[in-house]
Amino acid sequence: LDEHYDDGGFTGANLERPAFQKLLSDIDAGRLDVVVVYKVDRLSRSLLDFAQVMDRFNRAKVAFVSVTQNFTTADSIGKLTLNLLMSFAEFEREMIAERTRDKVAAARRRGKWTGGSVPLGYEVVDHKLSVNPVEAVVVREAFDLYLEYKSALTVAQMLNARRRSTKRHKAENGNVRETRAWTKDAVLRLLRSPLYAGYMSTGEDLHEGEHEGILDRDLFHRV
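Computed from a predicted model, the values in this text were never measured in an experiment.

Draft legend 1. Quick look at the overall build of the chain. Looking only at helices and strands, one finds 7 helices and 9 strands in the chain. Rg of the C-alpha trace for the chain: 26 Å, well past the compact-globule value of 17 Å for 223 residues, more than 25% over. With respect to the three principal axes, the spread of C-alpha positions in the chain is 75 × 35 × 30 Å. Considering the chain as a whole, with its 223 residues, one finds that 36% of them fall into the buried category. Counted over contacts in the chain with a minimum sequence separation of 6, partners at least 24 positions apart contribute 51%. Approximately 14,200 Å² of the chain is accessible, and the part contributed by carbon and sulfur atoms is 50%. Computed over 34 positive and 33 negative side-chain charges, the separation of the two mean positions in the chain equals 4 Å.

Here it is as structure tokens:
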């Protein structure tokens, strides 16, 4: 009697997947005696996670079978092969992540916007940062206030008194983070961002950004 546990669209890199959690619940409830997968990395791509799952299977006396890789956990050779395959699956995942990081860093060195939360003062148009004139006024105001008072806390208090707000963010999944009151930390993050001077950063290195800066660079460096 078979039941399918499919997590379409979820990565095998972590175990927080709805169908997989239901599978574990059914195992704990004693409803299963064999778990069959197409490939090992459909279960998990982390060797540590996989070892923990296998331990849970063993304690529940549940066998594990991979259809296309022709082995089970019923014998010692199958267990050894399983560990080897999981090692390679984890290695492949780490290599993909490393290549992705290198690709993002290379794009930033060319001054390109590579995604993430859009900073106050900008909006994204055709995958590029474009100045938002209304928000840019608040950015310049924060820098001018800091030059005058030399205190991030004072800047936050004055921005709040003037009813200036932080940026409203809308994620790709539709979730919205509403505007908030200014805090000292929020002001410091803004003042330290080289984006506002037309730079793109990788670590501590600054590169010429393809976006327009909001501030004069001399002003930015003085702040």
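Draft legend 2. Inspection of the nonpolar core at higher detail. Residues F143, W182, V187, L190 and Y196 are the most contacted members of the largest nonpolar core, which totals 31 residues. The set of elements that each furnish at least two residues to this core consists of α4 (133–149), α5 (152–161), α6 (184–191), β8 (199–202) and α7 (217–222). With 6 residues, the single largest contributor to this core is α4. Not counting residues up to four positions away in its chain, the partners in contact with W182 are L120, V138, A156, L159, N160, R164, S165, T166, V187 and L190. With 15 residues, the next largest nonpolar core counts L23, V35, V40 and F64 among its residues.

Draft legend 3. A look at the environment of Q69. Looking at where Q69 falls in the secondary structure, it is placed in the loop between β2 (63–66) and β3 (71–72). Given a relative accessible area of 23%, Q69 falls into the partly exposed group. Measuring from C-alpha to C-alpha, the distance between Q69 and S44 comes to 15 Å, with 25 residues separating the pair along the chain.

Draft legend 4. The arrangement of unusual backbone geometry in detail. Of note in the backbone geometry, H127 takes a positive phi value of approximately 65° without being a glycine. We note that K150 has phi near 55°; this positive angle belongs to a residue other than glycine.

Draft legend 5. Region of the structure containing α4. An ideal rise of 1.5 Å per residue puts 24 Å on 17 residues; α4 measures up with 25 Å between its terminal C-alpha atoms. Among the residues of α4, E135, A136, V138, V139, E141, A142, F143 and L145 are the ones counted as buried. Here the buried face of α4 lies against β4 (122–125), β5 (128–131), α5, α6 and α7. At the N-terminal boundary of α4, the capping side chain belongs to N132, with an oxygen 3.1 Å from the backbone nitrogen of V134. Phi turns positive one or two residues past the end of α4, at K150, with a value near 55°.

Scoring rules and cut-offs
All residue numbers here refer to positions counted from 1 along the written sequence of the relevant chain. Since the coordinates come from a predicted model, pLDDT governs what is reported: local features require at least 70, and pairs of side-chain atoms require 80 or more to be given and counted, while whole-chain, interface and lining totals use all residues. Computation of side-chain values: all heavy atoms of the structure, hydrogens and water removed. For helices the rule is a DSSP run of H or I covering at least 4 residues; for strands it is a run of E covering at least 2, with both sets numbered from the N terminus onward. Taken over C-alpha atoms, the radius of gyration is set against a globule rule of 2.2 Å times the number of residues to the power 0.38. A simple rule labels every residue: compare its accessible area, found with a 1.4 Å probe on the protein chains alone, to the largest value its type can have, and call it buried under 20%, exposed over 50%, or partly exposed in between. Should any heavy atoms of two residues lie within 4.5 Å, those residues are considered in contact. Values of accessible area rely on a 1.4 Å probe in the Shrake-Rupley scheme; residue burial ignores everything except the protein chains shown. When charges are tallied, Lys and Arg are placed among the positive residues and Asp and Glu among the negative ones, while His and the ends of the chain are skipped. Think of each charge as sitting on NZ of Lys, CZ of Arg, CG of Asp or CD of Glu. Throughout this description, the term nonpolar core refers to a set of buried Ala, Val, Leu, Ile, Met, Phe, Trp, Tyr and Cys residues connected via side-chain atoms within 4.5 Å. To estimate the expected span of a helix, count its residues, drop one, and scale the result by 1.5 Å. Whenever two N or O atoms come within 3.5 Å, that pair is a polar contact, provided that in protein one can donate a hydrogen and the other can accept it, and provided that, for residues adjacent in sequence, both atoms are side-chain atoms.

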